[in-house]
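Close look at the chain arrangement
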Amino acid sequence: MKLRNYHWKENVTGYLFILPQFLMFLIFIVYPIIEGIRLSLYKVQFNQETFVGFDNYVTLFHDPVFFKSIYNTVIFVVFIVLLTVGFSIFVASSVFDKNAKYVSFIRGSYYIPVMVSMVVMSMVWGFLLNPANGLISYAAREMDFSIVNLLGNKHTVLPVIIFVTFATNVGQAIILYIAAMIGVPKDLFEAAEVDGASRVRIIFQILIPLVKPTTIYITIINIIAVLKIFVVIQLLTGGGPNNASVTMMYYLYNNAFKYNQLGVASAVGVIMFLITMLLSIPQLRAMFKEK
Amino acid sequence: MLKKRMLSATTALLVVMSLLAGCSGGGQKDADSSSGGDSSSGKKDKVELNLWLTPQWKGVMDASEQNADYDSFFKYAADKFSKQYDKHDVKVNVQVIAGDQRDEMLNVNLNGGTPPDIFFESVFAMGDYVHRGALEPLDDIVDDAAKKDIDQKYWDNVTFGDKVYFYPFAHNPGTLAYNADMFKAAGLDSYVGDANAIQTWTMDDYDKILKTLKEKLPKGSYPMGLYALNNQGDTWNLAYLRMFGNKFFDDQGNIIVDDENGIKAAEWLKKIYSEGYTNPGAESVSSNDANAMFQNQQLAISFTNPVLFNNSKADMEAGKAPKFDIRLANIPSSSGSPLSFTYVIGASVFKTGDAVKTQVAKDFVKFFSTDPELVKSSKNSIPVRSSVAAEFKDKYPLFAAYDANASNLFNFTGNVPGYSELRQVLYPELQAMYIGEKTPAQAIKDYQTKGNAVIQKAKESSVIFKK
C-alpha cells in the first residue's frame, strides 16, 4: 500500500499533465465511438429512437451502392498510398543530398498544394474539368478536339480523383522523407561508394531500408486519410456518375445528412472504424517493434 | 523537492479546472440567453429567435436597393416587429442557408435539439419535416381575412392531413427562359413571344427550335441547358418526364412513371442530349452551372423562376452580367397545353419545446405574412395574395401571364412523404442514362422501383400517415 502510494505521488504530476488531453480524448473520441456503436443498433427518427438490433447492418449489406463505396474506397486507398509512397521516395531520394537551396526549392514546390485547402483545390479542378464551361473543355473545343467528360465517365472518374488527391497530398510525404533521408548517417553512403555500389543500389539497399519507420508512418496516415476521402468527391463528382465514385465516407454523409438515416450512417461509421483498426494494428505494432 | 512537485501539481490542476470552467461557462451563457429570461426588473422579457431562409429575393422590397441582400427583408421585418410587439423584447437572428445545404443543416440541428425557430423556404422542400413531426401546425395564426385573400389552391399546398403547416407568402412558378437575341440571330423570330407573356411552343416547335439553334449558334454555345449532377433544379427534370402525358403519381402516392409516356420522355431527353442540342456533360453539370451559362449567353434556353428571372435582370441592369433580351416560355408538352408547376414559399415554425419562443415565432410569422407593407415584397416572386397581385398588376404585366398558366399547374411532389430522399434517387438514374450505362427504359424502371421503396418506407414512419 505504501509502495503504491509512493508511486502515485511520484507520478501524479505527469498524470495531471495528460489529464486535459485525456479528458478531451474521452469526450471527443471515445464517447462518439461508443455513441456511434449504440446508434448503429437504433432507428433514429425525430426525437424518437427505436432499437432494431442489426437491421441497419442488414440494410447496408443489401445495398449495392454500399458495396460500390467499399470497392471505390479500397481502390483509392491502394492507388493513392502506392503513388504517394513511390513518388515521394523517388523525389526525396533524388534530391536529399543536393545543394540545400535546391532541396528547399523542391520541398516548397511540392508543399504549396498541401497548404491550400482541399476545398479550394477541388473547386479549381472542378473549374478546369467542368464539361460545359470548364477550361479544359474550352481549350479542347477551341482546338476542335472532341470534348471528353473525365468526371462523367465511370472509367476515368476514379483515376482523376486519385490524381487530384495524390497531387494535393504528396508534398507532406516528400517533406517527411527528405527529413528522414538527411538524417541517415553519411558514413554508410561513403562506405558503399568506396565499395563501388551504384546510386540505385545505395537507394534500394541503404536508404529505403533505413527510412522504413517513415514509410510505415506515411503509409498509415495516408491510409487513414484516404479512408475518409470526402471533400473531393463532394465537390467534384457528388458521387457520380450514377454512384461510380461514391466512397464510404460520402455514403455515410449521404445517409446521415441527406436521407436522415442516422442508424444506417452510424453502422457505416462502425464498419469504417473496424476497418481502420484492422489496418492500423499490425502496422503500429511493426512501428513500435522497430523502435 | 516535494514542495516544488506540489506546486506544479496544483498548477496543472488549476489549468485543467480553468479549461473546464471555460467550456462550461460558455454553455451557461447560452442557456441564459436561450431561456428567454424571467427578469423581474419590469422590462419586457428577452426572447431570441433564429430564422433561417434559403436565398429568395434580395432587398426589402427590391433588389435595386442599396446593400440589398437575401436577408434584408427579414432584418427589416424583425425590426418592425420588435418595435410594435408588446409581449416580449424580441431579437431575431437571420441566417441565409444555401439551398443544397438545407437538409444537412436541419438534420444536424434537429438531431442536436437546436432547430431554428422559423424556416422560410419553398414548401415542397419542407414537407418531409411535417411528416417527421418536427413542425408546429399554424392553424391558430391563420384568420378568415387571410383565407379570403389567398386562393384555396395555395392553402391546399401547405395543408398536410387537416392542418396548415406553412404560411403562404409568395409562389414561384417554374418555366423556361430563353435568349430572344440568340433566337433572332438564328432566324427564329417567329418563335419569339411577347416580352410580357409566357410563350407556349408545341413539341414540334420545340424540336425545330433546338435543331435550328444547334445549326446556327456559334461554337461554345448550346441550344438548351440540361443538368443532372445533383438534386438542385430537379423539378424541371421531373417536368420533362411528364412532357408526353405521364401523370407521375397515382392516387395512392406511388410513382407510375414507368409506362409508355414516361419512357418516351426519357428517350426524348437522351436524344436531345446525344444529338448535341444541350450542353455537354449533363451528368456532371449542376443547375447553377446551367444558370451561369445561360447568363453568359452560352445557352439559348434554360430553366427559371420569377426570382431567378428578376435576379438575372437586376444583374444585367447592374452591369454584373452581359445584357440580353431575356424572355419566358412554358415547358412544352405533346398535348399542346404547357406544363406548369409552382413552388409555394412560406414560413414554418419548428417544434423547439419552448412554449414562449414558439408563440413569439408564430406571432412573428403572422406579422410578416400579413403586414400590409411587408406582404408587398411578395411581388419579387408572384404574390399569393389577390390584394397584392391586384395592386401591382399594371406594374408587373407578367403576373397576369402567370395567372393564366395556373390552370395547367401540376403538383410535382404529389405530397408524398420521404420527398427529400426521393430527390436523391432521380439524378443518379439520369446520370446513368446520359452516360449510356442504362437505357432510358431501364433508368425509368429503376427510378420507379427505388422511388416507390423510399416512399413506402417514409409512409411507415410519417406522423401524417400514422394518424
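What you see is a predicted model; the values in this text were computed from it and never measured.

Residue and element names in this part refer to chain A. Where helix H7 (residues 157-182) meets helix H10 (residues 212-227), the axes come as close as 10 Å, and the angle between the chain directions of the two elements is 165°. Taken as axis vectors, H7 and H10 run roughly antiparallel relative to one another. Relative to H10, the crossing made by H7 is right-handed. The segment H7 lies against H10, with Ala173, Leu176, Tyr177 and Ala180 engaging Thr214, Thr215, Tyr217 and Ile218. Across the contact of H7 with H10, the residue classes break down as six nonpolar, two polar and no charged.

Residue and element names in this part refer to chain A. Mapped onto this numbering, the UniProt entry annotates "transmembrane region" (unreviewed entry) at residues 12-34, 70-96, 108-128, 157-179, 216-239 and 259-281. Taken end to end, residues 70-96 is 96% helix and 0% strand, and its first and last C-alpha atoms sit 37 Å apart. Helix makes up 79% of residues 216-239 and strand 0%, and the two end C-alpha atoms of the span are 30 Å apart.

The subject of this paragraph is the UniProt feature "domain: ABC transmembrane type-1" (unreviewed entry) in chain A. In the numbering used here, UniProt assigns the "domain: ABC transmembrane type-1" (unreviewed entry) feature to residues 70-283 of chain A. Across residues 70-283 of chain A, helical content stands at 77% and strand content at 0%; the span's end C-alpha atoms are separated by 21 Å.

We now examine the interface of chain A and chain B. Across the boundary between the two partners, chain A contributes 37 residues, which contact 42 residues of chain B. In this assembly, chain A packs against chain B so that about 3500 Å² is buried in total across both faces, 57% of it on carbon and sulfur atoms. Applying the counting rule to chain A against chain B returns two salt bridges. The closest approach of N and O atoms between Glu437 of chain B and Lys154 of chain A, which form a salt bridge, is 3.6 Å. Across the contact surface, chain A and chain B share ten residue pairs in polar contact (both at pLDDT 80 or more). Among the elements of the structure, helix H1 (2-39), strand S1 (42-45), helix H6 (135-142), helix H11 (231-237) and helix H12 (248-258) of chain A are those that each provide at least two residues to the side of chain A that touches chain B. At seven residues, H1 of chain A tops the list of elements feeding residues into the side of chain A that touches chain B. For the side of chain A that touches chain B, the per-class residue count stands at 16 nonpolar, 13 polar and eight charged.

On to the nonpolar core. Phe183, Ile301, Phe364 and Phe368 of chain B are the most contacted members of the largest nonpolar core, which totals 145 residues. Ranked by size, the runner-up nonpolar core spans 65 residues in total, among them Val85, Ile206, Ile233 and Val264 of chain A.

Our focus in this paragraph is unusual backbone geometry. Residues and elements named next belong to chain A. The backbone of Asp144 shows a phi angle near 60°, a positive value even though the residue is not glycine. Taking the relative accessible area as the measure of exposure, Asp144 reaches 62% and is therefore exposed. Of note in the backbone geometry, Asn242 takes a positive phi value of approximately 45° without being a glycine. Looking at where Asn242 falls in the secondary structure, it is placed in the loop between H11 and H12.

Attention now goes to the pattern of salt bridges. Residue and element names in this part refer to chain B. Taken as a whole, this structure holds 28 salt bridges over all chains when the rule is applied. With a shortest N-O distance of 3.0 Å, Lys80 and Asp371 are connected by a salt bridge. Note that Lys80 is positioned in helix H2 (residues 72-84) and Asp371 in the loop between helix H13 (355-370) and strand S12 (382-383), a separation of 291 residues in sequence. For Lys80, a relative accessible area of 25% puts it in the partly exposed group. Its salt-bridge partner being Lys376, residue Glu391 comes within 3.5 Å of it at the nearest N-O pair. One end of the pair, Glu391, is in helix H14 (residues 386-392); the other, Lys376, is in the loop between H13 and S12, with 15 residues separating them in the sequence. For Glu391, a relative accessible area of 48% translates into the label partly exposed. Each of the salt bridges in this network shares a partner with another, and the network as a whole consists of Glu429, Lys438, Asp446 and Lys450.

So, how was this worked out
Residues numbered from 1 in each chain as written. Chains lettered and ligands numbered in written order. Predicted model: local features only at pLDDT ≥ 70, side-chain atom pairs only at ≥ 80, totals over all residues. Heavy atoms only, no water. Axes fitted to C-alpha atoms, helices over the stretch in contact; angles between N-to-C directions. Helix = DSSP H or I, 4+ residues; strand = E, 2+ residues; numbered from the N terminus. Parallel < 35°, antiparallel > 145°, perpendicular 65-115°, else oblique. Left-handed = near helix turned anticlockwise from the far one by under 90°. Contact = heavy atoms within 4.5 Å. Nonpolar A, V, L, I, M, F, W, Y, C, P; charged D, E, K, R; others polar. UniProt positions renumbered as here; feature names shortened; annotations may be inferred. Buried area = accessible area lost by both parts, 1.4 Å probe. Salt bridge = Lys/Arg side-chain N within 4 Å of Asp/Glu carboxyl O. Polar contact = N/O pair within 3.5 Å; in protein donor to acceptor, adjacent residues only side chain to side chain. Core = buried A, V, L, I, M, F, W, Y, C linked by side-chain atoms within 4.5 Å. Buried < 20%, exposed > 50% of the residue type's maximum accessible area, 1.4 Å probe, protein only.

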